[in-house]
Amino acid sequence: MTKEKKAGRYARIYAQAETLIKATTHPVSRMATLTALLHHKQSGFFWTGFYLLEQGALVVGPYQGPVACLNLKKDVGVCWAAVNRGESVVVADVHQFPGHIACSSQSNSEIVVPVRNGAGEIVAVLDVDSRDFDRFDEEDRKGLEKMVELIYS
């Protein structure tokens, strides 16, 4: 998919999400809606969901796809890397990522985007896995970062 086509798809999903989430201000409900939209409208999204940062732990939140890891070992894996770095992490081949947590052996690439509340604190991460290697790029990062801003808007 071309850069322009991918950016256009994210813009259309964003517009739909923006309309849908106005029905509630509850962050978890908004996460659930975003998860469903992204999982069903983006090709190659094998597992799509959120991990919530609660009392220093990452615990599974709304998601779509196969059964998830319920808790992620502290400071290990791509999700914790995104939290600890305070920025999105794109991994072309998860098997090459030190400490990768394999909730599914079918996952080959991943993108994780921190979710910040109104005070700017990281309170969750959006985690998307793909069966395809090198599935995620700069357009995905930009599109997903904009999407998660809707949660606390």
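Residues numbered from 1 in each chain as written. Predicted model: local features only at pLDDT ≥ 70, side-chain atom pairs only at ≥ 80, totals over all residues. Heavy atoms only, no water.

**Details of helix α2 (residues 27–41)**
Argument step 1. Over its 15 residues, α2 extends 21 Å from the first C-alpha to the last, a length consistent with the 21 Å expected when each residue adds 1.5 Å.
Argument step 2. What α2 keeps buried is the set R30, M31, L34, T35, L37, L38 and H39.
Argument step 3. Against α1 (3–20), β1 (47–54), β2 (57–64), β6 (122–130) and α4 (138–148) lie the buried residues of α2. (Helix = DSSP H or I, 4+ residues; strand = E, 2+ residues; numbered from the N terminus. Expected span 1.5 Å × (residues − 1). Buried < 20%, exposed > 50% of the residue type's maximum accessible area, 1.4 Å probe, protein only. Contact = heavy atoms within 4.5 Å.)

**Points about the layout of surface pockets**
Argument step 1. Reported here for the largest pocket is a volume of approximately 180 Å³.
Argument step 2. Considering the residues around the largest pocket, the lining is formed by G86, E87, S88, V113, P114, V115, R116, E145, V148, E149, Y152 and S153.
Argument step 3. Those elements that provide at least two residues to the lining of the largest pocket are β5 (109–116) and α4.
Argument step 4. Among the elements that line the lining of the largest pocket, the one with the most residues is β5, at four residues.
Argument step 5. A per-class count over the lining of the largest pocket returns five nonpolar, three polar and four charged. (1 Å grid on protein atoms, 1.4 Å probe; cavity = no way out; pocket = protein on both sides within 12 Å on 5 of 7 lines; lining within 4 Å. Points joined across faces, edges and corners; volume = space filled by probe spheres on them. Nonpolar A, V, L, I, M, F, W, Y, C, P; charged D, E, K, R; others polar.)

**Brief notes about empty space enclosed by the protein**
Argument step 1. Going through the model one piece at a time under the given rule, you end up with one cavity of 30 Å³ or more.
Argument step 2. Around the largest cavity, the lining is made up of 17 residues, and of these I101, C103, E110, D127 and D129 lie nearest the centre.
Argument step 3. Listing elements by their share of the lining of the largest cavity, those giving two or more residues are β1, α3 (77–85) and β6.
Argument step 4. Broken down by element, the residue count for the lining of the largest cavity peaks at three residues, all from α3.
Argument step 5. Looking at the lining of the largest cavity residue by residue, the classes come out as 10 nonpolar, four polar and three charged.

**What to know about α1**
Argument step 1. Helix length check: α1 (18 residues) gives 26 Å between terminal C-alpha atoms against 26 Å at 1.5 Å per residue, within 8%.
Argument step 2. In this fold, the buried residues of α1 make contact with α2 and α4.

**Topic: the packing of α1 against α2**
Argument step 1. Where α1 meets α2, the axes come as close as 10 Å, and the angle between the chain directions of the two elements is 150°. In this view, α1 runs roughly antiparallel relative to α2, as classed from their interaxial angle. Between α1 and α2 the crossing geometry is right-handed. Residues R9, Y10, I13, Q16, A17 and L20 of α1 pack against T33, L34, L37, L38 and K41 of α2.
Argument step 2. Class assignment for the residues of the contact of α1 with α2 results in seven nonpolar, two polar and two charged. (Axes fitted to C-alpha atoms, helices over the stretch in contact; angles between N-to-C directions. Parallel < 35°, antiparallel > 145°, perpendicular 65-115°, else oblique. Left-handed = near helix turned anticlockwise from the far one by under 90°.)

**Looking at the sheet that holds β2**
Argument step 1. With antiparallel pairing, six strands are arranged side by side in an open sheet as β3-β2-β1-β6-β5-β4. Sheet topology places β3 (71–72) and β4 (89–91) at the edges, where each strand pairs with a single neighbour.
Argument step 2. Pairing of β2 with β3, which is carried by two bridges, proceeds in the antiparallel orientation. Bridge assignment links V59 to a residue of β3, and that residue is N71.
Argument step 3. Packing against the sheet, α2 makes contact with β1, β2 and β6, and its axis sits at approximately 55° to β2.
Argument step 4. Packing of α4 onto the sheet brings it into contact with β1, β5 and β6, and relative to β5 it is tilted by some 30°. (Pairing = 2+ DSSP bridges.)

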